[in-house]
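# Observations on the model geometry
Below, each chain spelled out in residue letters.
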Amino acid sequence: MPMYIADYKKFDVINGKGLRHSLFTSGCTHHCKGCFNAATWNFSYGTPYTKELEDRIIADLNMPDVKIAGLSILGGEPFQNVEVLSPLISRVRRECPGKDIWIWSGYTFEEIIADANKLKLLLDCDVLIDGKFMLEERNLKLKWRGSNNQRVIHIQESLIAGQAISYE
Ligand code: SF4
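Remember, it's a predicted structure, so these values are computed and weren't measured experimentally.

### Here we look at unusual backbone geometry
Residue glycine 75 is joined to glycine 76 through a cis peptide bond whose omega torsion reads -5°. Note on placement: glycine 76 falls in the loop between strand E4 (70-74) and helix H2 (82-95). One non-glycine residue, phenylalanine 11, lies in the positive phi region at around 60°. Relative to the helices and strands, phenylalanine 11 resides in strand E1 (residues 4-12). The exposure class of phenylalanine 11 is partly exposed, given its relative accessible area of 40%. Positive phi values are uncommon outside glycine, yet tryptophan 144 reaches one of about 70°. You can see tryptophan 144 is positioned in the loop between strand E6 (127-130) and strand E7 (151-154). Its relative accessible area of 13% is what places tryptophan 144 among the buried residues.

Okay, structure coming up:
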């Protein structure tokens, strides 16, 4: 099934550290109460993801005149679009040296590493914001996340430690 994207935002300073480009994938079955973007629950919302867009993302990350920190991948639920995102993430690793990859998920770190298919996507990323949005835990003061249960996780350190390690 092709992946659809809800949005692709260049020069995003909200979702992650530094100046970034952000890709919002469509499709999410978590259906959190109070979800900030319920339109993206639909796997066919928005526009189809194409090879042309993938090429553009790679070129945008490597733009010569502006220092782009990396790529942010949000949803929807990116881990329900593993097959399409895996090649993109591999390309960013190969073709965009020095750029980091942040990824958001309604699954927890522990749920992701217990599932080989989801783990495959996590392995090449740097920072994970994990867990469902919980309305009763909503906290507007948090950076990069919406509710107290969600964590900002340093992926590579966590994989070595075998447990979630905070990014900062
Ligand atoms: S995981 Fe994210 S996109 Fe999915 S329902 Fe929860 S808040 Fe909305």
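### Points about the site of the ligand
Neighbouring the ligand are the residues Cys28, His30, His31, Cys32, Cys35, Phe36, Trp41, Gly76, Gly106 and Phe133. Each residue belonging to the shell around the ligand can be placed in one class, and the counts come to 6 nonpolar, 4 polar and no charged.

### Examining the nonpolar core
Counting 31 residues, the largest nonpolar core has Leu23, Ile57, Leu88, Ile103 and Leu128 as its most contacted members. The element best represented in this core is H2, accounting for 5 residues. Those residues in contact with isoleucine 57 that lie beyond four places of it in its chain are Tyr8, Leu23, Tyr49, Leu71 and Leu88. One finds Leu74, Trp104, Val127 and Ile129 within the second-largest nonpolar core, a separate group that totals 8 residues.

### Focus on the sheet that holds E6
Note: strands within a sheet are paired through backbone hydrogen bonds, in either parallel or antiparallel orientation. Spatially, the 7 strands line up as an open sheet ordered E3-E1-E2-E4-E5-E6-E7, and their pairing is mixed. Looking along the sheet, the strands with just one partner apiece sit at the ends: strand E3 (47-48) and E7. Where helix H1 (residues 51-61) meets the sheet, it contacts E1, strand E2 (20-25) and E4, and its direction lies at approximately 15° from that of E1.

### Quick notes on the pattern of salt bridges
One pass over the full model with this rule turns up 14 salt bridges. Linking aspartate 55 and arginine 91 is a salt bridge whose minimum nitrogen-to-oxygen distance equals 2.8 Å. Linking aspartate 55 in helix H1 with arginine 91 in helix H2, this pair joins segments that are 36 residues apart in sequence. Given the relative accessible area of 31%, aspartate 55 is considered partly exposed. Aspartate 115 is paired through a salt bridge with lysine 118; the nearest N and O atoms lie 2.8 Å apart. For aspartate 115, a relative accessible area of 25% translates into the label partly exposed. Overlapping salt bridges, with partners in common, bring together Lys51, Glu54, Asp55, Arg91, Arg94 and Glu95 in one network.

### Some thoughts on the packing of H1 against H2
Where H1 meets H2, the axes come as close as 10 Å, and the angle between the chain directions of the two elements is 30°. Between H1 and H2, the angle falls in the class roughly parallel. For the crossing formed where H1 meets H2, the hand is right-handed. Counting all contacts with H1, which are made through Lys51, Glu54, Asp55, Ile57, Ile58 and Leu61, the residues of H2 involved are Leu88, Arg91, Val92 and Glu95.

### Quick look at the packing of aromatic side chains
Applying the stated rule across the entire model yields 4 aromatic pairs. Their ring planes at 65° and their centres at 6.3 Å tell us that tryptophan 144 and tyrosine 167 sit as a pair that is edge-to-face. Residue tryptophan 144 is found in the loop between E6 and E7, and its partner tyrosine 167 is found in the segment after helix H5 (155-161); the two are separated by 23 residues along the sequence. Residue classification places tyrosine 167 among the partly exposed residues on the basis of a relative accessible area of 22%. Site record: aromatic cluster; members linked through ring pairs are Trp102, Trp104, Trp144 and Tyr167. For lysine 118, the ring lying beneath its charged end belongs to tyrosine 107, and the centroid distance is 4.6 Å.

Conventions we followed
- Residues numbered from 1 in each chain as written.
- Predicted model: local features only at pLDDT ≥ 70, side-chain atom pairs only at ≥ 80, totals over all residues.
- Heavy atoms only, no water.
- Helix = DSSP H or I, 4+ residues; strand = E, 2+ residues; numbered from the N terminus.
- Buried < 20%, exposed > 50% of the residue type's maximum accessible area, 1.4 Å probe, protein only.
- Near = heavy atom within 4 Å.
- Nonpolar A, V, L, I, M, F, W, Y, C, P; charged D, E, K, R; others polar.
- Core = buried A, V, L, I, M, F, W, Y, C linked by side-chain atoms within 4.5 Å.
- Contact = heavy atoms within 4.5 Å.
- Pairing = 2+ DSSP bridges.
- Axes fitted to C-alpha atoms, helices over the stretch in contact; angles between N-to-C directions.
- Salt bridge = Lys/Arg side-chain N within 4 Å of Asp/Glu carboxyl O.
- Parallel < 35°, antiparallel > 145°, perpendicular 65-115°, else oblique.
- Left-handed = near helix turned anticlockwise from the far one by under 90°.
- Phe/Tyr/Trp six-rings, centres within 6.5 Å; stacked < 30°, edge-to-face > 60°.
- Lys NZ or Arg CZ within 6 Å of the ring centre and 35° of its normal.

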